[in-house]
Amino acid sequence: MRVLRDKFSKDKPGMTDVLKNNPLTGHVTYLLQFLAGRIRRSGSNNRISYSGTSIFWNTRIKVRGNNNKINVGMSASLKNLKITIVGNNCNVVIGEKVKFYEKGELLLEGDETFVKIGEKTTFGAAKLFAGESATGITIGNDCMFSREISVHTSDFHSIIDLNASERVNPPRNIIIGDHVWVGEGAFIAKGSVIGSGSVVGYLSYVNGKRFGENVVIAGVPAKALKDNIGWDRRKLPYKKNEQ
């Protein structure tokens, strides 16, 4: 595991890292390549840990703040992925053999935000936004995300009860279990909990509800339509009378 840390002088703290892989070898380039981007004037003690077997293809990482950590597991393949951290004590964990096939964006705003992606989870194209302090997104192992998917812990703006003068739309964590299939165009909102083995249908809006394991979830807003189901990445044989 390779580790990069901020070691800038006081007049130039912080970092913006630009990662590009070598298509001939599939390995990350050396430290000078990491620091080839612009250096921002804020932040210290930020750390990026990655394996030499990981592939970064047009991946960009920007960090503004202190004590932030990014950990990329072995044999991860990150294509057109943008990671932005604006805050302190934030944490990104990308597990072993995670793949972004087309593009992706991880945004962490506020202090102590996190995005954790389990091993062997794959993405076509997705945006994972931990949008306010002390909130985060947890995704289990062996999940499959299609394209144009959004996962947000925050509404990014405040709605106020004028009688009580209080905010009524606080941010909330999102938890997605192991082996969950999320269909194209789905939006998973703050507070959502999706149990392991479940399937989220095309263009569904999961509006902060809790769903159990092995269910089909679909609709606007999403509802549990069928339980006791499983799914497989392979195109398995089927009976003719099921056509």
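Residues numbered from 1 in each chain as written. Predicted model: local features only at pLDDT ≥ 70, side-chain atom pairs only at ≥ 80, totals over all residues. Heavy atoms only, no water.

1. With respect to the overall build of the protein
Going by this rule: What counts as a helix is a DSSP run of H or I of at least four residues, what counts as a strand is a run of E of at least two, and both are numbered from the N terminus. Buried means the residue's accessible area, taken with a 1.4 Å probe over protein chains only, is under 20% of the maximum for its type, while exposed means over 50%, and partly exposed covers the values in between. Note on contacts: a residue pair qualifies if any of its non-hydrogen atoms lie within 4.5 Å across the two residues.
Each helix and strand in the protein was counted, giving one helix and 26 strands. Put simply, the protein has 243 residues, and 44% of those count as buried. When contacts within the protein are restricted to residue pairs at least 6 apart in sequence, those whose partners lie at least 24 apart make up 30%.

2. Quick word on the packing of aromatic side chains
Here is the rule: Aromatic rings from Phe, Tyr and Trp, with only the six-membered ring used for Trp, were paired whenever their centres fell within 6.5 Å, and each pair was classed as stacked if the ring planes differed by under 30 degrees, edge-to-face if by over 60, and tilted otherwise. Whether a charge sits over a ring comes down to the Lys NZ or Arg CZ being within 6 Å of the ring centre and within 35 degrees of the ring normal.
Considering all chains together, one arrives at six aromatic pairs under this definition. Connected via pairs of aromatic rings, a cluster forms that spans F100, F123 and F145. Taking NZ or CZ as reference, K116 lies 5.3 Å from the ring centre of F114, over its face.

3. Overview of the environment of V115
Looking at where V115 falls in the secondary structure, it is placed in strand β11 (residues 114–117). The class of V115 is buried, set by a relative accessible area of 0%. Linking V115 and F129, residues 14 residues apart in sequence, is a C-alpha distance of 8.2 Å. Among residues more than four places away in sequence, those in contact with V115 are N91, V92, V93, L106, L108, L128, A130 and I137.

4. As for the pattern of salt bridges
The following threshold applies: Here, a salt bridge means any Lys or Arg side-chain nitrogen found within 4 Å of an Asp or Glu carboxyl oxygen.
Scanning the model with the defined rule gives five salt bridges in all. A salt bridge links E132 to R167, with the shortest nitrogen-to-oxygen separation between them at 2.6 Å. Here R167 lies in strand β17 (residues 166–167) and E132 lies in the loop between β12 (122–130) and β13 (136–139), a separation of 35 residues in the sequence. Judged by its relative accessible area of 19%, E132 is buried. Given the relative accessible area of 32%, R167 is considered partly exposed. The partner of K190 in a salt bridge is D155, and the shortest N-O contact between them spans 2.8 Å. In this pair, K190 is assigned in the loop between β20 (187–188) and β21 (193–194) and D155 in the loop between β15 (149–152) and β16 (160–161), connecting sequence segments 35 residues apart. What makes K190 buried here is its relative accessible area of 16%.

5. Examining the side chain of S154
Put simply, the rule is: Distance and chemistry together define a polar contact, namely a pair of N or O atoms within 3.5 Å, with one atom able to donate a hydrogen and the other to accept it when in protein, and with adjacent residues in sequence counting only for side-chain atoms on both sides.
On the secondary structure map, S154 appears in the loop between β15 and β16. Side-chain polar atoms of S154 contact the side chain of E132, separated by 2.7 Å. Polar contacts involving the side chain of S154 include one to the main-chain amide nitrogen of F156, which spans 2.8 Å. The residues contacting S154, other than those within four sequence positions of it, are G131, E132, R167, P171 and K190.

6. Details of unusual backbone geometry
The peptide bond linking V220 to P221 adopts the cis configuration, its omega dihedral lying at -5°. When you line up the elements, P221 lands in the loop between β25 (215–219) and β26 (222–227).

7. Thoughts on the nonpolar core
To be explicit about the condition: Think of a nonpolar core as a cluster: buried Ala, Val, Leu, Ile, Met, Phe, Trp, Tyr and Cys residues, connected wherever their side-chain atoms sit within 4.5 Å.
One finds I94, L106 and L128 to be the most contacted residues of the largest nonpolar core, which totals 44 residues. A total of four residues in this core trace back to one element, the largest contributor, which is β12. Once you skip the residues sitting within four places of it in the chain, L106 turns out to touch L81, K82, I83, T84, V92, I94, F100, V115 and L128.

8. Observations regarding the environment of E109
Among the structural elements, E109 can be located in strand β10 (residues 99–109). Under the relative-accessibility criterion, E109 is labelled partly exposed at 31%. Dropping the residues within four chain positions of it, E109 is found in contact with V86, A130, G131, E132, S133 and F156.

9. Notes on the pairing of β11
The following threshold applies: Whether two strands pair depends on DSSP finding at least two bridges between them.
Looking at chain direction, strand β9 (residues 91–94) and β11 are connected through four bridges and run parallel. Counterpart to N91 in the pairing with β11 is F114. Here four bridges tie β11 to β13, and the two strands are oriented parallel to one another. Paired with F114 across the two strands is G136, which belongs to β13.

10. A closer look at the confidence of the model for the protein
Applicable threshold: Here pLDDT means the predictor's own confidence in every residue, given as a number from 0 to 100.
When pLDDT is averaged along the protein, the result is 86; 82% of the residues meet or exceed 70. Scored below 50 in pLDDT, residues 7–41 shows 76 contacts in the model against residues more than four places distant or in partner chains.

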